[in-house]
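Tertiary structure, described
Below are the chains, spelled out letter by letter.
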Amino acid sequence: MLVSQVSDFKGAVTMPCYTLSDRGAITNTIMTKVQPFIKFMGNNRFLTGNDVRYVDFTMFELCEMMEWISEGKLFKQYPKLQICLLYTSPSPRDRTRSR
């Protein structure tokens, strides 16, 4: 069920990027529609708890896009979303080792 909700949310965020040129209006939509997900997360690190699940990866990708669209406002208003990304991002040391 949560996958469906995140998918609907993704559509609500991405579709206006193709039909509107008003970045401010898209940002307002983002800020309104992300609130239920923040509330649902509660004290969890991720959407479904403290372990990463499939649905979290879709949300991570969406968070990066929303942060870009909102010109940095998303993570300022909802720092919890940025922390979620940090939990899953490889450290610079890990990125260097993989080369």
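In short, a report on the structure. All residue numbers refer to position in the chain's written sequence, counted from 1. Local features in a predicted model are, by the rule used here, given only for residues with pLDDT of at least 70; side-chain atom pairs are given and counted only at 80 or more, and totals for whole chains, interfaces and linings are based on all residues. Side-chain calculation: all heavy atoms of the structure are included, whereas hydrogens and water are not.

**Let's talk about helix α1 (residues 2-19)**
To qualify as a helix, a DSSP run of H or I must reach at least 4 residues; to qualify as a strand, a run of E must reach at least 2; elements of each kind are numbered from the N terminus. What a helix is expected to span follows from its residue count: subtract one and scale by 1.5 Å. When the terminal C-alpha atoms of α1 are compared, their 26 Å separation across 18 residues agrees well with the 26 Å that a helix rising 1.5 Å per residue should span. The cut-offs for exposure are 20% and 50% of the maximum accessible area for each residue type, with area from a 1.4 Å probe on protein chains only; residues under the lower value are buried, those over the upper are exposed, and the others partly exposed. Residues Leu2, Val6, Phe9, Val13, Thr14 and Pro16 constitute the buried set of α1. Buried residues of α1, seen end-on, are gathered within an arc of 155 degrees and therefore sit on one face of the element. When the buried face of α1 is taken as reference, the exposed residues oriented beyond 90 degrees from it are Tyr18 and Thr19. Its buried side turned inward, α1 meets α2 (23-33), α3 (35-41) and α4 (54-69). Our arc is simply the arc of the directions from the helix axis toward the C-beta atoms. Contacts are assigned to residue pairs that have any heavy atoms within 4.5 Å of one another.

**As for the nonpolar core**
The definition of a nonpolar core used throughout is a set of buried Ala, Val, Leu, Ile, Met, Phe, Trp, Tyr and Cys residues joined through side-chain atoms within 4.5 Å. Ranked by internal contacts, the top residues of the largest apolar core, which has 22 residues, are Phe9, Val34, Leu47, Met59, Met66, Leu74 and Leu81. Broken down by secondary-structure element, the contributors of at least two residues to this core are α1, α2, α3, α4 and α5 (73-77). Other than its neighbours up to four places away in sequence, phenylalanine 9 contacts Lys33, Val34, Phe37, Met59, Leu62 and Met66.

**As for unusual backbone geometry**
The phi dihedral of glutamate 71 is positive, around 55 degrees, even though this residue is not glycine. Here glutamate 71 lies in the loop between α4 and α5.

**So, the pattern of salt bridges**
By convention in these notes, a salt bridge is any Lys or Arg side-chain nitrogen within 4 Å of a carboxyl oxygen on Asp or Glu. Enumeration according to the criterion identifies two salt bridges in this entry. Across the salt bridge formed by glutamate 61 and lysine 10, the nearest N and O atoms sit 3.5 Å from each other. Placement of glutamate 61 in helix α4 and of lysine 10 in helix α1 is noted, with a sequence separation of 51 residues between them.

**Describing the packing of α1 against α2**
Simply put, an axis is a line fit to the C-alpha atoms, just over the touching stretch for a helix, and the angle between two N-to-C directions goes from 0 to 180 degrees. Between α1 and α2, whose axes approach to 10 Å, the crossing angle comes to 175 degrees. Classified by the interaxial angle, the pair formed by α1 and α2 is roughly antiparallel. Packed against α1, whose contacting residues are Phe9, Ala12, Val13, Pro16 and Cys17, the element α2 presents Ile26, Thr29, Ile30 and Lys33 at the interface. Polarity classes work like this: nonpolar for Ala, Val, Leu, Ile, Met, Phe, Trp, Tyr, Cys and Pro, charged for Asp, Glu, Lys and Arg, and polar for all others, with Gly in that last group. Of the residues that constitute the contact of α1 with α2, the class distribution is seven nonpolar, one polar and one charged. Just so you know how the angles are binned, under 35 degrees is roughly parallel, over 145 roughly antiparallel, 65 to 115 roughly perpendicular, and the rest oblique.

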